[in-house]
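A closer look at the structure
Below are the chains, spelled out letter by letter.
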Amino acid sequence: MSDQQPQEANVPHEEVRSITEEESARRMPGRPPLILPGYTYRSLTEQISSIVLGRTPLGWWAGAFFLFLIVMIFLYAVGYLFYTGVGIWGVNIPIAWGFAIVDFVWWIGIGHAGTLISAILLLMYQSWRTSINRIAEAMTLFAISQAAMFPILHLGRPWLFYWLIPYPSTMNVWPQFRSSLTWDVFAITTYFIVSLIFWYMGALPDFGTMRDRAKRRIPQVLFGIVALGWRGSIKHWRNYQMAYLIIAALATPLVVSVHSVVSLDFTISIVPGWHSTIFPPYFVAGALLSGFAMVLTLVIPIRSFYRLHGLITDRYIENMARWMLVTALVVDYSYATELFMSWYSGDVFEEYMSITRMFGAYWWVWWSVMMCNVVVPQALWFRGVRRNVMAVFFVAMFINVGMWIERFMIIVVSLSRDFLPSSWEQYAGTVWDWATFIGTLGVFAWLMFLFVRLVPMISMSESKELLSEQELTAGTHA
Amino acid sequence: MIAGNEIYGLMAEFDSDRDILLAARRAQEAGYTRMDACTPHPVEGLADAVGYRKTRVPVIALSGGAIGGAIALLLLYWINVITYPINVGGRPMASWPAFIPPTFELTVLCASLAALFGMLALNRLPQPYHPVFNVPEFERATQDRFFLVIEASDPRFDVEQTRRFLESLNPLGVYDVEP
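Since the model is a prediction, treat every value here as computed from it, not as a measurement.

So, on to the overall build of chain A. Secondary structure summary: chain A contains 16 helices and 0 strands in total. For a compact globule of 478 residues, the expected C-alpha radius of gyration is about 23 Å, and chain A comes in at 24 Å, within 12% of that figure. Overall, the C-alpha framework of chain A stretches about 75 × 55 × 40 Å when taken along its three principal axes. In chain A, buried positions account for 60% of the 478 residues. Pairs at least 24 residues apart make up 82% of the contacts formed inside chain A by residues separated by at least 6 positions.

Set out below in structure tokens:
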């Protein structure tokens, strides 16, 4: 299949330089290059911009239409929720946090890998972020958008959500900043705005390219507006690069702070299974794991559909698979620590929580989590698996599911068995819970569809910089 | 075709980042001071070659972060201690450790906004009109070509002499930039 033979990818050949496959293999033994040889500035610009400026493929219309139907399901579910109230969901005391909070934690976690790829890898001079950073950042933005909806939907009176923002109201009431729920508002708002700034700034030079390449009036005007008159002046580049680095450095602590704050929503309470100091790092590792799984879930089909194997080479996939393995091991270590501490603490409630997770009414939840997040990722130890794109995709799907079930385990199973047996309860999502969750999957995927159609999805200016560096190390002249 | 005081400057087109770096250094050696280079990607050393060394973005971002963080902490103190104090389990009113997460987030937010808008302000963006766009070939500056512009306001600028100088740098073409 084409995934294993990137040299057969749709590399434009009109300005091929004299670098053969053998030469590039000799220069970087064992590792495929980040951009396949044969690309020039021109062919690279043409391939990436033609996805936006060219005709819409039939497959895009089919997918977008299908997803639009799911968006309608979402709007229906939310409309009915606003009309009726949260009673349509399965939540009740003692399980007051159900699907909505599971979905919230899952979605906000997914965003983290995008920030790690775009910010931390930039600061570490890891050039393998070049072709995937914009897709990953778009994923971050859209995932935060899904996540941010759930706490609002979960409110009894969602139209009053703005009460969480400190503003001088006539009621003379102010938010309570000793509550981790208020911290959440700031963490997530900041995370979204900073991600948006970073994404837009990264795309600014490319918007200039699109403006200059557009042939029709409407794209010219629209890209002209968002390009802000960018002309690639080297003085601009110097300020731009410095600002980009600074925002990357500012976004880096966000990778660890946002999910830590989310985890504090749980760990500050005294519920068995929640009240634990390991939660912040445990949540951050889980966030990165699910985020890398989601990046792979998006990048592999996009790359195959648009034939981008020459730009998103197998090396990207393999590196992300390595990250998935590392973060999975950290998550697995956290599971082990949780189990150990529940025994070592001598707390009967904590001990009981571990046992009921494994063998209680929700036994299948715990065993599914172990299967998806502990057993299956171990396959990535093998190079053969990491270099097999389909295999990596399947592992990523397992982790996507596993991380959602893990949040179900933490939230629902913990609430279902607290201190008093008289307040033990079983929980199941209703059809509206499922419709809302599947609806957000549809909204997310639909936004990704719009993104790949309307915005150049690979950074052209950064790819050219990488190409220039590859030429320099290769010692050839364009 | 036009007199020196009626054009914005002269523009030379180059094929690669190395060519334009060489050209910009030669122009600097020749004594030109008011020039600019437009490239599809940042080129290491080119900003120094056209005589642009310092960027003030770090100072702006730092001030933005410091001001944002200070205002955030004061705001939280004012809200939870002065204007709307609530006794939560007998904890001190000024329980500053609890104020740190929102303060941190607002510091990051204000520093990022300052970096973005500072960068745009230093670059004079958005800029709906700039003379360089009058050259039709310039549309490739964001794609695959590298342009060196010597402005007419340069004290050493002379249409004929500067044109000859630019042509001596082996460009793909030399163009007049209308104002």
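Our focus in this paragraph is unusual backbone geometry. For the bond from A:I93 to A:P94, the omega torsion is 10 degrees, close enough to zero to count as cis. Summarising the element assignment, A:P94 is placed in the loop between α3 (58–84) and α4 (99–123). Although it is not a glycine, A:L228 sits at a positive phi angle of roughly 60 degrees. For A:L228, the position within the fold is in the loop between α7 (217–227) and α8 (234–267). A positive phi angle, near 55 degrees, is found at B:R124, a position not held by glycine. With respect to the helices, strands and loops of the structure, B:R124 is situated in the loop between α4 (96–122) and β3 (146–151).

Next up on the list: the interface of chain B and chain A. Taken together, the contact pairs 67 residues of chain B with 56 residues of chain A. A buried area of about 5,600 Å², summed over both sides, lies between chain B and chain A, and 65% of it is on carbon and sulfur atoms. The interface formed by chain B and chain A holds 2 salt bridges in total. A:R42 is the salt-bridge partner of B:D144, the closest N and O atoms lying 3.5 Å from each other. Counting every contact that joins chain B to chain A gives 29 residue pairs in polar contact (both at pLDDT 80 or more). Elements represented by at least two residues in the side of chain B that touches chain A include exactly α1 (17–29), β2 (35–38), α2 (46–49), α3 (57–83) and α4 of chain B. The residue inventory of the side of chain B that touches chain A, partitioned by class, reads 43 nonpolar, 13 polar and 11 charged.

A separate point is the packing of α4(A) against helix α14 (residues 389–416) of chain A. Residue and element names in this part refer to chain A. Relative orientation of the contacting elements α4 and α14 amounts to 130 degrees, with a least axis distance of 9 Å. Relative to α14, the element α4 lies oblique. In the crossing of α4 with α14, the sense of the turn from one axis to the other is right-handed. Residue-level inspection shows F99, I101, V102, D103, V105 and W106 of α4 in contact with α14, the latter providing N400, M403, W404, R407, F408 and I411. Of the residues in the contact of α4 with α14, the class split is 9 nonpolar, 1 polar and 2 charged.

This next bit is on the environment of B:A12. All names here are of chain B. Tracing the sequence through the fold places A12 in strand β1 (residues 9–14). Residue classification places A12 among the buried positions, given a relative accessible area of 0%. With 45 residues separating them in the primary sequence, A12 and V57 have C-alpha atoms 29 Å apart. When sequence neighbours within four positions are dropped, the list of residues in contact with A12 reads F146, F147, L148, L166, P171, G173 and V174.

Rules used throughout
Residues numbered from 1 in each chain as written. Chains lettered and ligands numbered in written order. Predicted model: local features only at pLDDT ≥ 70, side-chain atom pairs only at ≥ 80, totals over all residues. Heavy atoms only, no water. Helix = DSSP H or I, 4+ residues; strand = E, 2+ residues; numbered from the N terminus. Rg over C-alpha atoms; globule rule 2.2 N^0.38 Å. Buried < 20%, exposed > 50% of the residue type's maximum accessible area, 1.4 Å probe, protein only. Contact = heavy atoms within 4.5 Å. Buried area = accessible area lost by both parts, 1.4 Å probe. Salt bridge = Lys/Arg side-chain N within 4 Å of Asp/Glu carboxyl O. Polar contact = N/O pair within 3.5 Å; in protein donor to acceptor, adjacent residues only side chain to side chain. Nonpolar A, V, L, I, M, F, W, Y, C, P; charged D, E, K, R; others polar. Axes fitted to C-alpha atoms, helices over the stretch in contact; angles between N-to-C directions. Parallel < 35°, antiparallel > 145°, perpendicular 65-115°, else oblique. Left-handed = near helix turned anticlockwise from the far one by under 90°.

Read these as spatial facts, not as claims about activity.
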